[in-house]
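Breakdown of the fold
Below are the chains, spelled out letter by letter.
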Amino acid sequence: MRITICFGGSILVPGNPDLDCIRDIVRTVRELKSRNHEVLIVVGGGELARVYINAARELGIPGVDQDQIGIAATRLNAQLLIAALGDIADPTPATVFEKAVRAMLRGKVPIMGGTTPGQTTDAVAAMLAQVSKSELLIFFTNVDGVYTADPKLDPNAKKLDRITPDELAKLVGTEFKPGMKTIMDPVAVKIIQRSNIKTIVLGKHEIPRLPEILNGAKHTGTLIAR
Ligand code: UTP
């Protein structure tokens, strides 16, 4: 199966880089490759991006330049994962989708960070899934699925097994801010809405189970589909 996987920065670099999480990712991606899956990866910026974006904001640096700083952080995380994956990864973070797709067609695992101001790596993952014609798009986040409200703020929030792209669009709204925190960036939701890519949101504890989930095993996350 051809899949695009987005590892949220909040799980890769929640403060310092999470080495156990990175080791789980490396094991899982190797396993997926050994089962002949075609894998494309996007990584977020996490705390590294947030610290630098906050510094830029305090210095009065405008929004687009804050985004560029966030993008640089995502690419540093991409470079770290590339180095951890070794030979199976394309050696530099792709900055354009076509390069990532070419690397995947050569049998390598491309890893992208951010690309363009005004969005997050969620949107990059949705675009890469579409450009690469992936069958499935998976988001690993620090929240283990899509909830009716932010579970960190609302104790009555309930996790949804399934949601349609249109319902998700209503839940996340339309506004983008550098360093924003919602379950998914509105730009990504719009792409999923338009292209109807089958998408699953999972918690990081499901990373080691991904090979079986692709074989149809149950998961604890949220399916986004019509
Ligand atoms: P992230 O994708 O890491 O956003 O990009 P996030 O919502 O903080 O996600 P987690 O916490 O990593 O899961 C960090 C910031 O980098 C800029 C934006 O400012 C974003 O908020 N960015 C990233 C872009 O401007 N364009 C991109 O393509 C990617």
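Now for a look at the structure at hand. As the structure is a prediction and not an experimental result, all values here were calculated from the model.

Looking now at the overall build of the chain. The helix and strand inventory of the chain stands at nine helices and seven strands. Compactness check: the chain gives a C-alpha radius of gyration of 16 Å against a globular reference of 17 Å for 226 residues, within 12% of the reference. Overall, the chain is about 45 × 35 × 35 Å in size when its C-alpha atoms are taken along their principal axes. Long-range pairs, those at least 24 residues apart, make up 70% of the contacts in the chain with a sequence separation of at least 6. Carbon and sulfur atoms form 53% of the exposed surface of the chain, whose accessible area is close to 10,700 Å². Here the chain carries 28 positive and 24 negative side-chain charges, and the mean point of each set is 4 Å from the other.

A word on the environment of Pro-186. Its location among the elements puts Pro-186 in helix H8 (residues 186-195). Sequence separation of Pro-186 and Val-172 is 14 residues, and the distance between their C-alpha atoms is 6.2 Å.

A word on the nonpolar core. Side chains of nonpolar character tend, in soluble globular proteins, to be buried together. With 33 residues, the main nonpolar core has Ile-5, Phe-7, Ile-41, Leu-81, Ile-111 and Phe-140 as its most contacted residues. Broken down by secondary-structure element, the contributors of at least two residues to this core are strand E1 (2-7), helix H1 (9-12), helix H2 (19-34), strand E2 (38-43), helix H4 (63-85), strand E4 (136-141), strand E6 (199-203) and helix H9 (210-214). No other element matches H2, which puts six residues into this core. Grouped together as the second largest cluster of nonpolar side chains are 30 residues, Phe-97, Ala-129, Met-184 and Ala-188 included.

We now examine the packing of H2 against H4. Two numbers describe how H2 lies on H4: the axes approach to 10 Å, and their chain directions differ by 55°. Classified by the interaxial angle, the pair formed by H2 and H4 is oblique. Taken as a pair, H2 and H4 cross one another with a handedness that is right-handed. Contacts between H2 and H4 involve Ile-22, Ile-25, Val-26, Val-29 and Arg-30 on the former and, on the latter, Leu-80, Leu-81, Ala-84 and Leu-85. Partitioning the contact of H2 with H4 into residue classes produces eight nonpolar, no polar and one charged.

Here the focus is the pairing of E2. When you tally the buried positions in E2, you get five out of six residues, the bulk of the element. In this structure, E1 lies alongside E2, joined through six bridges in parallel fashion. Following the sheet pairing, Thr-4 is matched in E2 by Leu-40. Judged from the two bridges that link them, E2 and strand E3 (residues 111-112) form a sheet pairing that is parallel. Among the inter-strand pairings, Val-42 is bridged to a residue of E3, identified as Met-112.

Right, let's talk about the environment of Ile-69 for a bit. Structurally, Ile-69 is set in helix H4. Given the relative accessible area of 27%, Ile-69 is considered partly exposed. Taking the C-alpha atoms as reference, Ile-69 lies 9.6 Å from Pro-117; in sequence the two are 48 residues apart. Ignoring anything within four residues of it in the chain, the contact list for Ile-69 reads Tyr-52, Ile-53 and Ala-56.

With that out of the way, let us pick up the sheet that holds strand E7 (residues 222-224). Sheet strands associate in pairs through backbone hydrogen bonding, adopting either a parallel or an antiparallel arrangement. A sheet is described by the order of its strands in space; here seven strands give the open sequence E3-E2-E1-E4-E6-E7-E5, paired in mixed fashion. Both edges of this open sheet fall to E3 and strand E5 (162-163), since each of them pairs with a single strand only. Along the sheet face, helix H5 (residues 97-105) touches E1, E2 and E3 and points at about 145° away from the line of E2. Strands in contact with helix H6 (residues 121-131) are E1, E2, E3 and E4; relative to E2, the strand with the most contacts, it is inclined by about 160°.

The terminal C-alpha atoms of H2, which comprises 16 residues, lie 23 Å apart, in line with the 22 Å expected from a rise of 1.5 Å per residue. Those residues of H2 that sit buried are Cys-21, Ile-22, Ile-25, Val-26, Thr-28, Val-29, Leu-32 and Lys-33. Contacts made by the buried residues of H2 are with E1, H1, E2, H4 and H9. Two or three places before Asp-20, at the opening of H2, Asp-18 has a side-chain oxygen 3.1 Å from that residue's backbone nitrogen.

Conventions used here
- Residues numbered from 1 in each chain as written.
- Predicted model: local features only at pLDDT ≥ 70, side-chain atom pairs only at ≥ 80, totals over all residues.
- Heavy atoms only, no water.
- Helix = DSSP H or I, 4+ residues; strand = E, 2+ residues; numbered from the N terminus.
- Rg over C-alpha atoms; globule rule 2.2 N^0.38 Å.
- Contact = heavy atoms within 4.5 Å.
- Areas by Shrake-Rupley, 256 points an atom, 1.4 Å probe, with all protein chains shown as cover.
- Lys, Arg positive; Asp, Glu negative; His and termini not counted.
- Charge placed at Lys NZ, Arg CZ, Asp CG, Glu CD.
- Core = buried A, V, L, I, M, F, W, Y, C linked by side-chain atoms within 4.5 Å.
- Buried < 20%, exposed > 50% of the residue type's maximum accessible area, 1.4 Å probe, protein only.
- Axes fitted to C-alpha atoms, helices over the stretch in contact; angles between N-to-C directions.
- Parallel < 35°, antiparallel > 145°, perpendicular 65-115°, else oblique.
- Left-handed = near helix turned anticlockwise from the far one by under 90°.
- Nonpolar A, V, L, I, M, F, W, Y, C, P; charged D, E, K, R; others polar.
- Pairing = 2+ DSSP bridges.
- Expected span 1.5 Å × (residues − 1).
- Polar contact = N/O pair within 3.5 Å; in protein donor to acceptor, adjacent residues only side chain to side chain.

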